[in-house]
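# An overview of the molecular structure
For reference, the chains in residue letters:
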There are 2 protein chains.
Amino acid sequence: MRHRIAVVSSAALLALAGTVGLAEAQPASLYAPSAVVLTVAQGEDAATVVRASTLSCAPTAQGTHPDPKAACTALAATAGTLDTLLDAPDSNRACPMHYDPVTVTADGVWQGNRISWKHTFSNTCTMAATFNGNAVFAF
Amino acid sequence: MRHRIAVVSSAALLALAGTVGLAEAQPASLYAPSAVVLTVAQGEDAATVVRASTLSCAPTAQGTHPDPKAACTALAATAGTLDTLLDAPDSNRACPMHYDPVTVTADGVWQGNRISWKHTFSNTCTMAATFNGNAVFAF
């Protein structure tokens, strides 16, 4: 019986040591920060920003994004690889072929790691059809 | 009298045309967006982000920054040139010379124009002495 107690204590100590190690690596908070600025810009170079939203996902979903909770869930689904946002276009939608480029960007931090993502669509219709209702750039 | 009315009308029309032109350039809102992610990271490469704050300054000051209003005022004082944050160090403060670098970044949009700023301090004391109470990175 005494032996069993000792085993439990060791496990507890190991768990405690793990927690302290994490706290040392990130001294300011108990969660890795996730904070991004999302922009929609006219043109290919993203110089003239038309719309911008802030989004913070830890500890709670907040920001100027109209639906921070949905946007954080959608961003979490990408696991930091934002190209996956392009993977589910609306196949039932047809877009005109004219070229009036619009560029979207996401810059900041996702779970403690820096992210910087940029994609140019040939026009806003193509952008809407590609994002297909995804919440991240729905602002 | 009739002539004066005509002159006023032209001026009014010109003003209206100017407004419409601006609205076309930035269709989504009447103000240029200002939204940034501010980070503090360990090391020179800013890869491991320790703290991050979002800040949006238009139409109102908000974000996860603890004092968005003061931070937006301080950011407005730089007019988008964030190097000016380094111009007023606390000359009464002495810092140890050890090298334990900390890197701060600001990425996003300031009044419609993209900004990306980064600065590495040799240690946190040097950072605090250089910012000298400035609200932007006080989080």
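Report on the accompanying structure. (Residues numbered from 1 in each chain as written. Chains lettered and ligands numbered in written order. Predicted model: local features only at pLDDT ≥ 70, side-chain atom pairs only at ≥ 80, totals over all residues. Heavy atoms only, no water.)

## A look at the overall build of chain A
Worth spelling out the cut-off: Segments assigned H or I by DSSP are reported as helices when at least four residues long, segments assigned E as strands when at least two residues long, and all are numbered from the N terminus. The cut-offs for exposure are 20% and 50% of the maximum accessible area for each residue type, with area from a 1.4 Å probe on protein chains only; residues under the lower value are buried, those over the upper are exposed, and the others partly exposed. All accessible-area figures derive from a Shrake-Rupley calculation using a 1.4 Å probe, and residue coverage is judged against the displayed protein chains alone.
Helix and strand content of chain A: 3 helices and 4 strands. In sequence order, chain A lays out its α and β elements as α-β-β-α-β-β-α. Looking at chain A as a whole, 40% of its 139 residues are labelled buried. If you sum the accessible surface of chain A, you get close to 7,600 Å²; carbon and sulfur atoms cover 58% of it.

## Topic: the packing of aromatic side chains
All names here are of chain A. Which entries qualify depends on this criterion: Think of it this way: a Phe, Tyr or Trp ring, Trp meaning its six-membered ring, pairs with another when their centres are within 6.5 Å, and the plane angle makes it stacked under 30 degrees, edge-to-face over 60, tilted otherwise.
By the definition in use, this model includes 8 aromatic pairs over all chains. With a centroid separation of 6.2 Å and an interplanar angle of 35°, the aromatic rings of Phe 137 and Phe 139 are classed as tilted. Per residue, the accessibility class of Phe 137 equals that of Phe 139, and both read buried. Members of the aromatic cluster, joined through ring pairs, are Trp 117, Phe 121, Phe 131, Phe 137 and Phe 139.

## Considerations on unusual backbone geometry
Following Ala58(A), the chain continues to Pro59(A) via a peptide bond in cis, the omega torsion being 0°. Position of Pro59(A) among the secondary structure elements: in the loop between β2 (48-56) and α2 (68-78). Positive phi values are uncommon outside glycine, yet Asn132(A) reaches one of about 50°. With respect to the helices and strands, Asn132(A) occurs in the segment after α3 (124-131). Phi at Ala79(B) is positive, roughly 55°, even though this residue is not glycine. Relative to the elements of secondary structure, Ala79(B) occurs in the loop between α2 (68-78) and β3 (102-110).

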